[in-house]
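Letter by letter, the chains look like this.
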Number of protein chains: 2
Amino acid sequence: MNAPLAPNAVADVARSAERAARQQQVVAVLAPLLPAHALLWHHEDTVPYECDGLTAYRQLPLCVALPETEAQVAAVLKACHALSVPVVARGAGTGLSGGAMPHALGVTLSLAKFNKIVQIDRLARTATVQCGVRNLAISEAAVPLGLYYAPDPSSQIACTIGGNVAENSGGVHCLKYGLTLHNVLRVRGYTVQGEPVEFGSEALDTPGLDLLPLIVGSEGMLAVTTEVTVKLTPKPQLARCIMASFDDVRKAGDAVAAVIAAGIIPAGLEMMDKPMTAAVEDFVHAGYDLDAAAILLCESDGTPEEVAEEIDRMLDVLSGCGATRLEVSKDEAQRLKFWSGRKNAFPASGRISPDYMCMDSTIPRKRLADILLAIAEMEKKYGLACCNVFHAGDGNLHPLILFDANDPDQLHRCELFGADILETSVAMGGTVTGEHGVGVEKLSSMCVQFAPEEREQMFAVKRAFDPMQTLNPGKVIPTLQRCAEYGKMHVKKGLLPFPELERF
Amino acid sequence: MNAPLAPNAVADVARSAERAARQQQVVAVLAPLLPAHALLWHHEDTVPYECDGLTAYRQLPLCVALPETEAQVAAVLKACHALSVPVVARGAGTGLSGGAMPHALGVTLSLAKFNKIVQIDRLARTATVQCGVRNLAISEAAVPLGLYYAPDPSSQIACTIGGNVAENSGGVHCLKYGLTLHNVLRVRGYTVQGEPVEFGSEALDTPGLDLLPLIVGSEGMLAVTTEVTVKLTPKPQLARCIMASFDDVRKAGDAVAAVIAAGIIPAGLEMMDKPMTAAVEDFVHAGYDLDAAAILLCESDGTPEEVAEEIDRMLDVLSGCGATRLEVSKDEAQRLKFWSGRKNAFPASGRISPDYMCMDSTIPRKRLADILLAIAEMEKKYGLACCNVFHAGDGNLHPLILFDANDPDQLHRCELFGADILETSVAMGGTVTGEHGVGVEKLSSMCVQFAPEEREQMFAVKRAFDPMQTLNPGKVIPTLQRCAEYGKMHVKKGLLPFPELERF
């Protein structure tokens, strides 16, 4: 006779049996709706879908549906709705906050096969594409017309426009050209009930309640996007970049604010601190000034006349703010070299530390120097180093905390360090995420950002689209209970007082 | 003994008595919450509030509350909520679609006293102002910093920023500088329950569901705005304007699309047809070409170098599209003279016809010539003349139908003409309102624009903010019943078939 199972193991077996039964039921319902190759449920087939770019959290879905037509999307959604099965839509899976992480009792709806460019309209200067078209593929298709799609997240080779809509993606050039929100005209898709729905229009404004900007950035919680119409932007004739050195981070931060206050809107305005330039220069030899406490990259694009005039004005402002060295790219090769360092900041960090954690928060532009100095204090407090790279013009920080994940104490200190950065950002009037979304990663941070009434208002809007809450459930908006637990955890760990937490 | 009242009169008396009793009750509850001079309910005091800029519809409210502090706003909202009394917020009352028309059994909440500029932040390039501050007053306050608030509705001397937020106002320059939506960072206010609420932030993006763009343009249905933070824009160094003549409206329409397709984003791009220029020239002598079938005004602003380069490019494109005459403003006086005609289009129409009805619809830019030709056909069909003035760059039409309101048949034909323009705009992929809002004026047109499921989705979002539907009720979103009646009326009048109406 076998020994009896421990109580926990009994519960596990029961859960596992329940899950298997549910899987059998859902697969039986979906199988007649899809071609045989378009429904995956065997362990080895679903493993590639267990996480997105946030690999720290993994979960197998009940099954993965890969519809090829809009009718199949509608049919899958209707069937799941009838069974009250959660549905998680997925693009390329490049998201960094776990927005496409599967639900243990849900269906992952991959839209990878919706990869056609429907129409490019030269006169209206728009592109209509299926949701699974890659960000960069839109620009490539528009090359013959001298146009491109402006938002350029660093994952643009791989990420899809449907995912960009879900996350309201930005990029290096969004200071001048806006986020996804500012470059999308219309979204077509399906409600959680499987009904067709359209938001926005090609016209100037939408009468009544304009639901399009609500859909953009809603992280797959309100509807499933299948087709997107985007604005195309004329390719600038020329771009040049200034590299400016400062001997003090406060001066560099103030220079960013001064460029903007002078009425200039650069095509890009990025900042790196000394530890970051050191790591990068050793890796890609971009020609960075290793003596500088911080460097700025300031780009201008447009006609040659505009660029010449704007570069001159920026040089004046940067000198006035105490830049110790100023270098303007002489040609396209040198401009790309300047940027190669910025674009390799993440892998460069990987070379100097066993692990790093990339944060994503925002602050009002004028607080740049303050947050940098606060992070320097935190390095001492938590005993860990941090490299800083910023979309400075937008006030969007990407601090990279260096640590060794094999040392549990370092991991713990890194988590506290990260939470401290996010909460300090909020205290300075910023937000807990700039462009990576909330997903599952930032759920607890949302407790710091928003009061209970504000979160309840978001839930109310969520229910207005998805009354049963089966579309990407458990993400983005934390429950009252979760926030209460997060508050207690903070008290226990001695991280309080944060003024925001007194709300609970 | 008096003769018995007729049944209708009995009902009227009963309604009137019910209203008087409700008025007494509401005034009794609100009086202790406000200074004596801040609550109006006598007939002569409430008459000035019976309509907004849409004077065709008038209704006295139960009373008018003029709170002076946020605490008073909250108290009035709480009290009205407890009594289930409708509340209609009101700014300067310049709206053209009746969005601020009172509710017969409701309270009009005038925010006229919230007229303080709270802060102008030079480094962040923002202004924080109370909701009752006039649009132009923001720009005037920013003059010392060389900045201004870009959206410029033609009512900008009088209209308030709170009203601009409610209507998502545009203006002549919104093609380049965006609508209110693109220039507002944060809105503070109160829910219908009287709880404080804040949407957006000064940071790049808002985590979770971004409710700010939903509030902008929601026509006072979701929350009451008390404070707004807006972006300020650097004042351009120079502006110049091209006046271009065409001997054919199709060529003029195509030229608008060609300017945009060439990658130019003019600061303004306006179009007037021959009847319009004739009416205007006779009135203000702006120097318009009276032989032209249509003229375009194309403005460029920026640094002198940018303006020179952009004007040259626009001249090339306009010549290539067959412009018969091109004139560039030589100095600021001539530029303002060019614009004086455009800005006086409405009063000029009033001089040549007893009455005119101004429509407001949008179409995709490339359909400009098509809608102009369709309107020319409608002039014959309805036997009425129409002058056309367009925010052409945005595809926003303002046809002015000329008629005599004292002739019931002309009035009736004018209404049919107007409905035909709106529905043809929708059929061409446009919308029933560009910048004037839906209010009460366009309620029926919303039946044409949106399917029942789309309207139900808007109601669901409305209920997520206002479950009892007491905040500006009966506006913007038509009920199913209203649309059914509108559909029947259309059939009766022989206006069908419109493909959109087959939905009902």
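These numbers were taken from a predicted model, which means no experiment stands behind them.

Engineer: Talk me through the nonpolar core; I want residue IDs and the actual numbers.
Structural biologist: Counting residues in hydrophobic clusters, the biggest one holds 180 residues, and the most contacted among them are Leu-318 and Phe-465 of chain A together with Leu-318 and Phe-465 of chain B. Once residues within four sequence positions are removed from consideration, Leu-318 of chain A is found in contact with Ile-242, Ala-244, Phe-246, Ala-255, Val-259, Leu-296, Cys-298, Ala-323 and Leu-326 of chain A. The next biggest cluster of nonpolar side chains, apart from the first, holds 31 residues, and it includes Val-27, Leu-83, Val-85 and Val-224 of chain A.

Engineer: Describe in detail helix α8 (residues 249–261) of chain B, supporting the description with residues and values.
Structural biologist: All names here are of chain B. Taking 1.5 Å per residue, 13 residues should reach 18 Å; α8 reaches 18 Å between its end C-alpha atoms and fits that length. The element α8 is extensively covered by neighbouring structure, given that 10 of its 13 residues are classed as buried. Within α8 the residues assigned to the buried category are Val-249, Ala-252, Gly-253, Ala-255, Val-256, Ala-257, Ala-258, Val-259, Ile-260 and Ala-261. If you follow the buried residues of α8, they end up packed against α6 (174–177), β12 (238–246), β13 (268–273), β14 (294–302), α10 (304–320) and α13 (368–382). A side-chain oxygen of the first residue of α8 lies 2.7 Å from the backbone nitrogen of Arg-250; this N-cap is Asp-248. Within two residues after α8, Gly-263 carries a phi angle of roughly 90°, on the positive side.

Engineer: Please set out helix α13 (residues 368–382) of chain A residue by residue, giving values where relevant.
Structural biologist: Residue and element names in this part refer to chain A. Compared with the 21 Å implied by 1.5 Å per residue over 15 residues, the 21 Å span of α13 between its first and last C-alpha is a close match. Considered for burial, the residues of α13 that qualify are Leu-368, Ala-369, Ile-371, Leu-372, Ala-374, Ile-375, Met-378 and Tyr-382. Buried residues along α13 sit against α8 (249–261), β13 (268–273), β18 (386–391), β19 (396–403) and α14 (408–427). Just downstream of α13 lies Gly-383, where phi reads positive at about 65°.

Engineer: Which residues make up unusual backbone geometry, and what values do they have?
Structural biologist: Notably, Glu-219 of chain A is not glycine yet its phi reads approximately 50°, a positive angle. Phi at Arg-125 of chain B is positive, roughly 55°, even though this residue is not glycine.

Engineer: Tell me about the relation of the copies chain A and chain B, and please be specific about residues and values.
Structural biologist: Two copies of the chain are present, and they differ by a rotation about an axis and a shift along that axis. Superposing chain A onto chain B requires a rotation of 180° together with a translation of 0.0 Å along the rotation axis, leaving an RMSD of 0.1 Å. Taken together, the rotation and translation describe the operation of a two-fold axis. The residues that chain A uses at the interface reappear at the interface of chain B in 98% of cases, marking a shared surface.

Engineer: Lay out the confidence of the model for chain A in plain terms, naming residues and giving numbers.
Structural biologist: Summarising the model, chain A shows a mean pLDDT of 90, and 95% of its residues fall at 70 or more. Note that pLDDT drops below 50 for residues 491–504 of chain A; the model gives that stretch 27 contacts with residues more than four away or on any other chain.

Engineer: Give me the lowdown on the packing of aromatic side chains, citing residues and values where you can.
Structural biologist: Residues and elements named next belong to chain A. Summed over the entire model, instances satisfying the criterion amount to eight aromatic pairs over all chains. Considering the side-chain rings of Tyr-148 and Tyr-177, the 6.3 Å spacing of their centres and the 75° angle between planes classify their relative orientation as edge-to-face. Here Tyr-177 lies in helix α6 (residues 174–177) and Tyr-148 lies in strand β7 (residues 147–148), a separation of 29 residues in the sequence. Tyr-148 gets classed as buried once you look at its relative accessible area, which sits at 13%. Considering the side-chain rings of Phe-199 and Phe-465, the 6.5 Å spacing of their centres and the 55° angle between planes classify their relative orientation as tilted. With Phe-199 in strand β9 (residues 196–200) and Phe-465 in helix α16 (residues 452–465), this residue pair connects regions lying 266 residues apart in the sequence. In this structure, Phe-199 and Phe-465 share a single accessibility class: buried. When the ring centre of Tyr-148 is taken as origin, the NZ or CZ atom of Lys-235, which lies over that ring, is 4.8 Å away.

Engineer: Please set out the domain arrangement of chain A residue by residue, giving values where relevant.
Structural biologist: As far as domains go, chain A holds domain 1 (9–110), domain 2 (117–234), domain 3 (238–427) and domain 4 (443–503). Placing a centre on the C-alpha atoms of domain 3 of chain A and another on those of domain 4 of chain A gives a separation of 31 Å.

Engineer: A description of the environment of Glu-219 of chain A should follow, citing residues and the corresponding values.
Structural biologist: Residues and elements named next belong to chain A. Turning to its location among the elements, Glu-219 is positioned in the loop between α7 (212–215) and β10 (224–231). Judged by its relative accessible area of 5%, Glu-219 is buried. With 81 residues separating them along the chain, Glu-219 and Ser-300 place their C-alpha atoms 32 Å apart. Setting aside chain neighbours within four positions, we find Glu-219 in contact with Ala-166, Glu-167, Gly-437, Val-438, Gly-439, Asn-472 and Val-476. In terms of polar contacts, Glu-219 uses its side chain to reach the backbone amide nitrogen of Gly-439, at 2.7 Å.

Engineer: Requested: an account of the packing of α13 of chain B against helix α14 (residues 408–427) of chain B, with residues and values cited.
Structural biologist: The axes of two packed helices give the description: the angle between them and the distance between them. Residue and element names in this part refer to chain B. Interaxial distance between α13 and α14 falls to 10 Å at its minimum, and their mutual angle equals 155°. Classed by the angle they form, the pair α13 and α14 counts as roughly antiparallel. Handedness of the crossing formed by α13 with α14: right-handed. Contact with α13, carried on its side by Ile-371, Ala-374, Ile-375, Met-378, Glu-379, Lys-381 and Tyr-382, involves Arg-413, Leu-416, Phe-417, Asp-420, Ile-421, Thr-424 and Ser-425 of α14 and no other residues of that element. When the residues that make up the contact of α13 with α14 are grouped by side-chain class, the tally is eight nonpolar, two polar and four charged.

Engineer: Explain the side chain of Thr-424 of chain A to me, and be specific about the residues and the numbers.
Structural biologist: Residue and element names in this part refer to chain A. Take Thr-424: it is sitting in helix α14. Polar side-chain contacts of Thr-424 include one of 2.7 Å to the backbone oxygen of Asp-420. Ignoring any residue separated from it by four or fewer positions in sequence, one finds Thr-424 in contact with Ile-371, Ala-374 and Met-378.

Engineer: Quick one: what's the story with the interface of chain A and chain B, residue by residue and with numbers?
Structural biologist: The partner chain B presents 62 residues to the 62 residues of chain A that form the contact. Interface of chain A and chain B: buried area, both sides summed, is about 5200 Å²; carbon and sulfur atoms make up 65% of it. If you look at where chain A meets chain B, you find two salt bridges. Asp-121 of chain B serves as the salt-bridge partner of Lys-366 of chain A, at 2.3 Å between the closest nitrogen and oxygen. Those elements that provide at least two residues to the side of chain A that touches chain B are α7, α8, α10 (304–320), α15 (443–449) and α16 of chain A. At eight residues, the largest contribution of residues to the side of chain A that touches chain B is made by α16 of chain A.

Engineer: Kindly report on the environment of Leu-209 of chain B, identifying the contributing residues and their values.
Structural biologist: Here Leu-209 of chain B is to be found in the loop between β9 (196–200) and α7 (212–215). In this structure, the C-alpha to C-alpha distance between Leu-209 of chain B and Ser-110 of chain B, residues 99 residues apart in sequence, is 30 Å. Those residues in contact with Leu-209 of chain B that sit more than four places away from it in its chain are Leu-214, Ser-218, Met-221, Leu-222, Met-458, Val-461, Lys-462 and Ile-477 of chain A.

Reading the values: rules and limits
- Residues numbered from 1 in each chain as written.
- Chains lettered and ligands numbered in written order.
- Predicted model: local features only at pLDDT ≥ 70, side-chain atom pairs only at ≥ 80, totals over all residues.
- Heavy atoms only, no water.
- Core = buried A, V, L, I, M, F, W, Y, C linked by side-chain atoms within 4.5 Å.
- Buried < 20%, exposed > 50% of the residue type's maximum accessible area, 1.4 Å probe, protein only.
- Contact = heavy atoms within 4.5 Å.
- Helix = DSSP H or I, 4+ residues; strand = E, 2+ residues; numbered from the N terminus.
- Expected span 1.5 Å × (residues − 1).
- Polar contact = N/O pair within 3.5 Å; in protein donor to acceptor, adjacent residues only side chain to side chain.
- Least-squares fit on C-alpha atoms with pLDDT ≥ 70 in both.
- pLDDT = per-residue confidence, 0-100.
- Phe/Tyr/Trp six-rings, centres within 6.5 Å; stacked < 30°, edge-to-face > 60°.
- Lys NZ or Arg CZ within 6 Å of the ring centre and 35° of its normal.
- Domains from an automatic or database assignment.
- Axes fitted to C-alpha atoms, helices over the stretch in contact; angles between N-to-C directions.
- Parallel < 35°, antiparallel > 145°, perpendicular 65-115°, else oblique.
- Left-handed = near helix turned anticlockwise from the far one by under 90°.
- Nonpolar A, V, L, I, M, F, W, Y, C, P; charged D, E, K, R; others polar.
- Buried area = accessible area lost by both parts, 1.4 Å probe.
- Salt bridge = Lys/Arg side-chain N within 4 Å of Asp/Glu carboxyl O.

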